[in-house]
Amino acid sequence: MKDAIINVEGLSHSYGKTVAVDNIYFHVEEGQIFSFLGPNGAGKTTTINLLITLLRIQKGQITISGVNVAKNPDAVRRNIGVVFQDHRLDRDLTIWETLEFHGKIHSLPKETRRQRITELLNIVELGDKRNAFIKNLSGGMKRSVEIARGLLVHPKVLFLDEPTIGLDTKARQRIWHYIKQINREENVTVFLTTHYMDEADQYSHEICIIDKGKIMANGSSSSLKNAIGKDIYHIKTTDDLKASQILANLPEISHVEKNSNGLLLYLKNNELSASKLVKSLTIHQIKLGNLNLLKPTLDDVFIYYTGRKIDSTVDA
Amino acid sequence: MPLGFTAIYWRDMIKFARSKAMIFLSLLQPVLWLVFYGISMSNNTGLFFAGTSVAPPDAITVSYMTFITSGVIGMTILFTCLYSGQNLQFDKQYGLMKTIVVSPMPRSQILIGTTLSGITKCLIQTTIITLFGYILGAQLFAGFLLSNIITSAIGLILFSILFSAGLMFLSNMIGLKVNNHDVSQAIMALLTLPLFFASNALYPAETLPFTMKLLCYVNPLAYFIDSVRYFTIGPNFYAFGFNYQIGLEGLLSSFIALGIFALVMFVLAIFVIKNIRDF
């Protein structure tokens, strides 16, 4: 196992009587893309704000790159880059000025600063737009500028709070392309929060599911899916309606869902063989047109651990 | 020595230079005061004070326009600085402050940077208003030798820096503490009115009623305007039916008062920015 670059132990945080984060433990290994997944209000932003020294730690302990966050916030600030949830850019500055400003704030010497800005603008493909005003940029470009800003000082960890929220598919893909590139080429550990299942599934090495301030599950996407272990059959029959009634009574099946393409059979355990399924249908003169075995998705993992779908709470 | 304040200063000045409409409007107000109020009052002062008193032979007699140019300089610095504090409030409102405070730069640098940019803006305005007053017939630096003009200009700059620094610390503090734009607007209006009228900006403070006179004694604007008059008119002059003997003692007390004001505001503002939690 590689060394943990972020280590969180017994972290709790409350606003008055509302508990936002409730005694959580997790660690992030160096060089990984780590997704903190959960619905809005789950405690993601509170956790990130505690990690990046914006909130004072009430209970528990965080170390980032071996530095205790509560004891030495300034040393932590030197090791991190942050991209906040909403665009946090000065509309009246140009891209170049925005990055110059932050380079100066971090006391980067002039030559290093300019070299680094040029390098980063090339990565996020904004080199030819350096003199454009922030107010004239698209949402995706603004996000790219913010990512470049977060990387100015060669941080050990880059924090991204919902990096792709509100962006169209194309822009989302592009942002992810940059994130993967900097993770790989600059060996930056990436800690991000998201409520997009597909993104967490597709891009992260490690996923941590948080809900109501508690960590529900933690691991790689495949290990999380394997842990819940339940497969799903997707079938198409000559009489879906009748078939669903018959199959719902099988002891191995927890429930049956109908969709436009046929039936989804959620198994209680993985002991229902395909042959048994076919047999129980043919007794009733129903022919099977199609049969697929589906592995669980991250959505299923989330439902398994929290008892609800993430999307239903997204806009709540 | 941390140089983060230069970044803040640099950004503020870029934005200031770019907002041509703002520069124009911020200069328009003092110019309108000089033109409308200055000229119309100038035509009346003779009427008001006919026969009330006679200028002492050792004092220079100056016109009302000369007298209030100093007041308008003080007023402009007061307004410019107090409203500048809202820049920090906007930084907070638009979340820009968060991106700054997650950097290792000490927070006091934010305060120093914005204060320096406020001072720069005030010095530019002071210069322009002085020139404009001159055009409108104010007898500024009248009868001064070139060496006197130079030392007066240096003195004027030093006192302007001291006064605007104190005001910038005060307004930054309000900008940081108050999260609602309307509320901070109201606070600024509430501050500027009594500070302006309980002072010697438009008329001699000596004739004010007792309570307003008390207010005048703790009013940094009044001390600043005294110093401006010392430097632009002289230590002993006669205007608005009144003989002003500011003298070196007056200048020294202005210096002490403005120094205390700037220092107290600095300490308070540093305390506020170091302890603020909701960026």
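Computed from a predicted model, the values in this text were never measured in an experiment.

1. Focus on the confidence of the model for chain A
Residue and element names in this part refer to chain A.
- Residue-level pLDDT values for chain A average 87, and 96% of them are 70 or greater.
- Put simply, helix H12 (residues 311-314) is where chain A has its lowest mean pLDDT, 46, and helix H3 (residues 95-105) is where it has its highest, 95.
- Note that residues 312-316 has pLDDT below 50 and, in this model, five contacts with residues that lie over four places away or in other chains.

2. Overview of the interface of chain B and chain A
- Listed as interface residues are 21 residues of chain B and, on the opposing side, 23 residues of chain A.
- Across the chain B/chain A interface, buried area totals approximately 2,200 Å², and carbon plus sulfur atoms make up 64% of it.
- Put simply, chain B and chain A have three salt bridges between them.
- The tally of links from chain B across to chain A stands at four residue pairs in polar contact (both at pLDDT 80 or more).
- The set of elements that each furnish at least two residues to the side of chain B that touches chain A consists of helix H1 (4-18) and helix H5 (96-101) of chain B.
- Broken down by element, the residue count for the side of chain B that touches chain A peaks at eight residues, all from H1 of chain B.
- Looking at side-chain class alone, the side of chain B that touches chain A contains 11 nonpolar, four polar and six charged residues.

3. A few points about the domain arrangement of chain A
- Entries for chain A in the domain assignment read domain 1 (4-226) and domain 2 (230-295).
- On a C-alpha basis, the centres of domain 1 of chain A and domain 2 of chain A stand 43 Å from each other.

4. A short note on the pairing of strand S9 (residues 206-211) of chain A
Residue and element names in this part refer to chain A.
- Taking burial as the measure, the six residues of S9 include six buried ones, the bulk of the element.
- Burial along S9 is two-sided: Glu206, Cys208 and Ile210 facing one way and Ile207, Ile209 and Asp211 facing the other are all buried.
- Sheet analysis places S9 next to strand S10 (residues 214-219), joined by five bridges and oriented antiparallel. Of the residues in S10, the one forming a bridge with Ile209 is Ala217.

5. Some remarks on the pattern of salt bridges
- Taken as a whole and judged by the stated rule, the model has 21 salt bridges over all chains.
- Measuring nitrogen to oxygen at the nearest pair gives 3.5 Å for the salt bridge that ties Arg88 of chain A to Asp86 of chain A.
- Of the residues examined, Arg88 of chain A reaches a relative accessible area of 12% and is grouped as buried.
- Asp90 of chain A is the partner of Lys15 of chain B in a salt bridge, and the nearest nitrogen-oxygen pair spans 2.7 Å. Taken together, the positions of Lys15 of chain B in helix H1 and Asp90 of chain A in the loop between strand S6 (80-83) and H3 put the pair across two chains.
- Under the relative-accessibility criterion, Asp90 of chain A is labelled buried at 7%.

6. Points about the sheet that holds strand S13 (residues 262-267) of chain A
Residues and elements named next belong to chain A.
- Strand order in the open sheet made by the four strands is S12-S13-S11-S14, with antiparallel pairing throughout. Both edges of this open sheet fall to strand S12 (253-259) and strand S14 (288-294), since each of them pairs with a single strand only. Direction aside, neighbouring strands of the sheet carry axes that sit 20° apart on average.
- In terms of strand pairing, strand S11 (residues 232-237) meets S14 through six bridges, oriented antiparallel.

7. Quick look at the side chain of Ser254 of chain B
Residue and element names in this part refer to chain B.
- By the secondary structure assignment, Ser254 is in helix H11 (residues 247-275).
- Judged by relative accessible area, which is 0%, Ser254 ranks as buried.
- What Ser254 contacts, discounting residues up to four positions off in sequence, is Phe159, Tyr223, Asp226 and Ser227.

8. Things to note about the nonpolar core
- Judged by nonpolar contacts, the single largest core of 104 residues is most densely connected at Ile6, Ile62, Ile64, Phe159 and Phe191 of chain A together with Ile110 of chain B.
- Once you skip the residues sitting within four places of it in the chain, Phe159 of chain A turns out to touch Ile6, Ile48, Leu51, Ile52, Ile64, Ile80, Gly81, Val82, Val83 and Phe191 of chain A.
- Listed in part, the 32 residues of the second largest apolar core include Leu99, Ile117, Leu120 and Ala171 of chain A.

9. Points about the side chain of Ser160 of chain B
All names here are of chain B.
- Residue placement: Ser160 occurs in helix H7 (residues 146-177).
- Residue Ser160 is classed as buried on the basis of its relative accessible area, which comes to 1%.
- Setting aside its immediate chain neighbours within four residues, Ser160 contacts Ile77, Leu123, Thr126 and Phe224.

10. Things to note about a nonpolar patch on the surface
- A cluster of nonpolar side chains, Leu146, Ile150, Ile154, Ile157, Leu158 and Ile161 of chain B, forms an exposed patch at the surface whose accessible area comes to about 560 Å².
- For Ile154 of chain B, a relative accessible area of 48% gives the class partly exposed.

About the thresholds
Residues numbered from 1 in each chain as written. Chains lettered and ligands numbered in written order. Predicted model: local features only at pLDDT ≥ 70, side-chain atom pairs only at ≥ 80, totals over all residues. Heavy atoms only, no water. pLDDT = per-residue confidence, 0-100. Helix = DSSP H or I, 4+ residues; strand = E, 2+ residues; numbered from the N terminus. Contact = heavy atoms within 4.5 Å. Buried area = accessible area lost by both parts, 1.4 Å probe. Salt bridge = Lys/Arg side-chain N within 4 Å of Asp/Glu carboxyl O. Polar contact = N/O pair within 3.5 Å; in protein donor to acceptor, adjacent residues only side chain to side chain. Nonpolar A, V, L, I, M, F, W, Y, C, P; charged D, E, K, R; others polar. Domains from an automatic or database assignment. Buried < 20%, exposed > 50% of the residue type's maximum accessible area, 1.4 Å probe, protein only. Pairing = 2+ DSSP bridges. Axes fitted to C-alpha atoms, helices over the stretch in contact; angles between N-to-C directions. Core = buried A, V, L, I, M, F, W, Y, C linked by side-chain atoms within 4.5 Å. Patch = residues over 30% accessible without salt bridge, like charges linked within 9 Å, V, L, I, M, F, W, Y side chains within 5 Å. Areas by Shrake-Rupley, 256 points an atom, 1.4 Å probe, with all protein chains shown as cover.

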